[in-house]
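# Examining the three-dimensional arrangement
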Amino acid sequence: MIASLLALAWVAAEQPGLPGHFANDEGTIISVNRGTFTEADLSFQLIAAVYRWMGLAEMPTLAALVGVASYLLVLTVAISRTRTTTAEWVDWAIIICCVALAAVYHGAYTKDLLTVGAVLALVVNRGRGLPAELVPVAAMLLYAQGFRTYWFLVAGLYLALRLALRARRGWTATLALILVLYAGLSVVFPLVVGVDLDHYRLMVNEHRTAESVNTLIVQFFPGAGPVSGFVNSVLTFASFVIPIPLMLRGGAIYLVVALVLLAIWGSLIAAIRSARIRAPRGSSALTAFQNRLFAAILAFLIVQSIFEPDYGSFLRHLTPMLIVAVCLLLSLRPGATGASARRGPTSAACRRGQRPVGTTDAAATRTSAATRAQENGPAAASTPAVESAW
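Since this is a predicted model, take the numbers as computed values, not measurements.

All right, on to a nonpolar patch on the surface then. Taken together, I242, I244, L248, L255, L259 and L262 make up a surface patch of nonpolar side chains, about 550 Å² in accessible area. Sorting the residues of the nonpolar patch by element identifies α12 (244–249) and α13 (252–278) as the ones contributing at least two each. The element that contributes the greatest number of residues to the nonpolar patch is α13, accounting for three residues. By secondary structure assignment, the location of L248 is in helix α12.

Okay, the packing of helix α4 (residues 60–80) against helix α6 (residues 115–123) next. Following both chains from N to C, one finds α4 and α6 inclined at 10°, their axes separated by 10 Å at the closest point. As the angle between them shows, α4 and α6 are arranged roughly parallel. Of the residues in α6, those touching α4 at S70, Y71, V74, V77 and A78 are V116, V119, L120 and V123. Considered class by class, the residues forming the contact of α4 with α6 number eight nonpolar, one polar and no charged.

Before going further, it helps to examine helix α14 (residues 288–307). Every α-helix winds through 3.6 residues per turn, so residues three or four apart in the chain are directed the same way. Its 20 residues give α14 an end-to-end C-alpha distance of 29 Å, which sits within 8% of 28 Å, the value for a rise of 1.5 Å per residue. The element α14 is largely enclosed, with a buried count of 20 among its 20 residues.

Moving on, we come to empty space enclosed by the protein. A complete count under the given rule lists three cavities of 30 Å³ or more for this structure. By volume, the second largest cavity is sized at about 60 Å³. The wall of the second largest cavity is formed by Q15, L18, F22, A23, D25, E26, V104, Y105, A108, Y109 and R316. Where the lining of the second largest cavity is concerned, the elements lending two or more residues are α2 (24–33) and α5 (89–105). Looking at side-chain class alone, the lining of the second largest cavity contains seven nonpolar, one polar and three charged residues.

Here we come to the layout of surface pockets. With a probe scaled to a water molecule rolled over the atoms, the places where space remains empty come into view. Size it by volume and the largest pocket reaches roughly 1200 Å³. Elements that contribute at least two residues to the lining of the largest pocket include exactly α2, α3 (42–53), α7 (130–146), α9 (171–193), α10 (199–204) and α15 (311–331). Considering every element that reaches the lining of the largest pocket, the biggest residue donor is α15, with four residues.

Further remarks concern the environment of I302. Structurally, the position occupied by I302 is in helix α14. Residue classification places I302 among the buried positions, given a relative accessible area of 0%. As for I302 and A238, which are separated by 64 residues in sequence, their C-alpha atoms are 9.7 Å apart. Here I302 is in contact with L157, L161, I178, L181, Y182, L185 and F237, once residues within four sequence places are set aside.

Turning our attention to unusual backbone geometry. Positive phi values are uncommon outside glycine, yet E14 reaches one of about 70°. In this model, Q15 sits at a positive phi of 50°, which is unusual for a non-glycine residue. Given the relative accessible area of 12%, Q15 is considered buried.

Cut-offs applied
- In this numbering scheme, every chain counts its residues from 1 along its sequence in written order.
- Reporting of local features is limited, given that this is a predicted model, to residues whose pLDDT is at least 70; pairs of side-chain atoms are given and counted only at 80 or more, and all residues count toward the totals for whole chains, interfaces and linings.
- Excluding hydrogens and water, the side-chain values take into account all heavy atoms of the structure.
- Each patch groups residues whose relative accessible area exceeds 30% and which form no salt bridge, using 9 Å between like charges and 5 Å between nonpolar side chains of Val, Leu, Ile, Met, Phe, Trp and Tyr.
- Every accessible area reported is derived by Shrake-Rupley at a probe size of 1.4 Å, with residue values counting cover from the shown protein chains alone.
- Note on definitions: salt bridges are taken to be side-chain nitrogens of Lys or Arg within 4 Å of carboxyl oxygens of Asp or Glu.
- Where helices and strands are cited, they refer to DSSP runs of H or I of at least four residues and of E of at least two residues respectively, numbered from the N terminus.
- In this analysis, axes come from line fits to C-alpha atoms, helices being fitted only over the stretch in contact, and the angle between any two N-to-C directions falls in the range 0 to 180 degrees.
- Any angle that falls under 35 degrees is termed roughly parallel, while one over 145 is termed roughly antiparallel, one within 65 to 115 roughly perpendicular, and all others oblique.
- A contact between two residues is defined here by any heavy atoms of the two lying within 4.5 Å.
- When residues are grouped by polarity, Ala, Val, Leu, Ile, Met, Phe, Trp, Tyr, Cys and Pro land in nonpolar, Asp, Glu, Lys and Arg in charged, and all others, Gly among them, in polar.
- Given the number of residues in a helix, its expected span is that number minus one, multiplied by 1.5 Å.
- Exposure classes here rest on a 1.4 Å probe applied to the protein chains alone. A residue is buried below 20% of its type maximum, exposed above 50%, and partly exposed in between.
- Of the two site types, the cavity is a set of points on a 1 Å grid over the protein atoms alone where a 1.4 Å probe fits but cannot get out, and the pocket is an open set with protein on both sides within 12 Å along at least five of seven lines, each lined by residues with an atom within 4 Å of a point.
- Grid points are joined across faces, edges and corners, and a volume is the space filled by probe spheres set on the points.

Pasting the structure below:
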């Protein structure tokens, strides 16, 4: 709450100390709204129309506060999906860093204003079944149709990963799956789209230099063709997870952000590994809710590694998705809502009569806890039921 109030106060003061290049999108949206930039692409025209519809076209400070407040609202919803009493100090540090990034990237006119809608669809429902699976996909497709077409690819990869990750998989299998997806995309792009996998990044950066954009993403191995697109996209994905290029070229602000990203990805990897150790043999380590979050993060990073021209743009677009990462991280902490836990054997009769534990069904919770205490000992009474991975 303190971090949020400080962020809102800093945005209300018009972000003092922030370098001017962080406001490039804001300048474009203002120009579109004033009719001085009629050649802007459709996404800028649409978001400018959204700000006009909200009555904020000529109210930049209020628009900035609305942008940050909407981010904070979705972040609060994400946190509320878990028991924050299980959060560790590093989790709270990450949450505070997300608030700071929201103040930087959402504290102005921005095309990412509505990205939080797709994020909200991901974090709001911990349930299972067809509605829980289709609502996030529908939100992604709607956002893609109106604002960023590459979210169609995010939605497609999300579905593929959601299906593949529902089985218990180790890190080797997960990495192999990611490489298979990249290999498929490196073949599909030339055949269907007619360009290499990293063509769009190269096209945007054709007339840009490292002097004008210090976080430019360049080819790790210059070349053309499917193999080059595959290799460079995979290495770009790796540089998002281990942001060494950002540390070396980005300056002081980006160095801090790179360390934050390392903390986030490192904490997530450690938490997933711990969940896999705790999970009963033969069952999925992650619940359906956690698998959806994990699939969304991976799909987003894969798509960003194909299209993003520089690490600064990557951070801007990643900031809303960090809410998904926070929600997944907190849900993986032992004892958190939605965390898988090891259980002792239960009788067939008990399994047939068992009901899912819900926060609004106190009677069922007490009955389930009493049954576990009777069969597995007192310690089992406080152990949450394992949620199906599907």
